[in-house]
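Below are the chains, spelled out letter by letter.
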Amino acid sequence: MLPVGLLVKGLPLHTGETLTYRLNGFLAFVVSIVVFCVATLYLNYPVETFVYQNWMQLACTGMVFSTLLSVLLYAKSRRAPNKALNPYGNSGNVFYDFFMGHELNPRFMNFDLKFFCELRPGLIGWTIINFCMVLKDYRETGMPSYPLLLVTFFQFLYVFDALYHEKSVLTTFDITQEGFGWMLAFGDLVWVPFTYTLQTRYLLEHREQAVDVSCVLLALAFLLHMVGFWIFRTANGQKDMFRNNPYAPAFANMQSLPTPSGKRILISGWWGVVRKPNYLGDLIMAICWSLPCGFGHLLPWFYPIYFAVLLVHRAVRDDAACRLKYGAVWDVYCQRVKYRIIPYIF
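How each quantity is defined
- Residues numbered from 1 in each chain as written.
- Predicted model: local features only at pLDDT ≥ 70, side-chain atom pairs only at ≥ 80, totals over all residues.
- Heavy atoms only, no water.
- Helix = DSSP H or I, 4+ residues; strand = E, 2+ residues; numbered from the N terminus.
- Buried < 20%, exposed > 50% of the residue type's maximum accessible area, 1.4 Å probe, protein only.
- 1 Å grid on protein atoms, 1.4 Å probe; cavity = no way out; pocket = protein on both sides within 12 Å on 5 of 7 lines; lining within 4 Å.
- Points joined across faces, edges and corners; volume = space filled by probe spheres on them.
- Salt bridge = Lys/Arg side-chain N within 4 Å of Asp/Glu carboxyl O.
- Core = buried A, V, L, I, M, F, W, Y, C linked by side-chain atoms within 4.5 Å.

Engineer: Quick rundown of unusual backbone geometry? Include the residues and the values.
Structural biologist: The phi dihedral of Asn44 falls on the positive side, at around 60°, and the residue is not glycine. Looking at the element boundaries, Asn44 is found in the loop between helix H1 (25-42) and helix H2 (47-53). In this structure Asn44 comes out as exposed when scored by relative accessible area, which is 52%. With a phi angle near 70°, Tyr344 is a residue other than glycine that sits in the positive phi range. Mapping Tyr344 onto the fold places it in the segment after helix H14 (328-336).

Structure below.
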């Protein structure tokens, strides 16, 4: 919200318009961690106890806030010009448009609400809640369990990467084509911080099982996670660079398909292996966030199960949208790259 950070242009929207965004999410991330550390370690405020004891109340508050925000967004969208509306949330059905987001990029002056909520509150809140679980375990036992530390590290790395590469989110479907309604507001402000922390809360509340987790399993989880992270980061890096400049020197020896719209489809690198290699890396990491929790309960496995369903749905939905957008060229791409997420499986 502060006038600090680099100003960059996003991709052209369906209207041809390009919006300007201020990148300071990583700075907000660092400042938030510093404030948390000062409050808990220097001033000895029991932040971790408050968050742990009021977890449900905080989640319910987030639900109420995201719903009220969505009501305001929908009311604002009723006065927005047609070119500002979301093509996927302009059905005429009030409930559907409220859910999907009637306006594509709602802004107050130059403050873009969707871009702000996409990364900052949910991802930073997710990290802070994880830190609270670790600190509570430390203050109660003198040493957090290794599985808790490992899962916290995995998820910290994920958030660090997302905010460090904040510019990359400007090329994603959420920013360029998804409206900002209840679905995204609830997802960003409630779903992410309060369901993605289930593993760390589980490990805190089941410490006896956590300390018995095999070191071999932890080592396997670490190695597999770093493979998943490598796939995720390099695939996203290729996608982001190609979308911004398909003629960059890095793609000189890579193949791509021209489309009638003038855009090109990358069919080399990770994008020549499967159609959604970033989803593959994401899914591998999701599994590794649950491995340190063991196999004694279904709850810490909720995230990878839910995430697999989400990614399959998104991949199918994106295939349909790209086939509509690119026509026969997309069929050629699908013949070249046969699998969506997992080679030889799906």
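Engineer: Got a sec to walk through empty space enclosed by the protein? Specific residues and values, please.
Structural biologist: Scanning the model with the defined rule gives one cavity of 30 Å³ or more in all. Roughly 50 Å³ of internal volume is contained in the largest cavity. Contributing to the lining of the largest cavity are Ser70, Leu73, Tyr74, Ser77, Asp97, Phe98, Gly101, His102, Glu103, Pro106, Phe180 and Gly181. At the level of elements, helix H3 (55-77) and helix H4 (94-100) are the ones that each hand at least two residues to the lining of the largest cavity.

Engineer: Help me get a handle on the pattern of salt bridges, residues and values and all.
Structural biologist: According to the stated counting rule, one finds 14 salt bridges in the structure shown. As a salt-bridge pair, Glu48 and Arg139 come within 2.8 Å of each other at their nearest N and O atoms. Here Arg139 lies in helix H5 (residues 113-141) and Glu48 lies in helix H2, a separation of 91 residues in the sequence. Where Lys76 meets Glu103, a salt bridge forms, and the shortest distance between an N and an O atom there is 3.2 Å. Note that Lys76 is positioned in helix H3 and Glu103 in the loop between H4 and strand S3 (107-108), a separation of 27 residues in sequence. Relative accessible area serves as the criterion here: at 23%, Lys76 is assigned to the partly exposed category.

Engineer: Break down the nonpolar core for me, citing the residues and quoting the values.
Structural biologist: Counting 93 residues, the largest nonpolar core has Trp126, Phe180, Ile265 and Tyr333 as the members making the most contacts within it. When residues of this core are assigned to their parent elements, the largest contribution, 14 residues, is made by H5.

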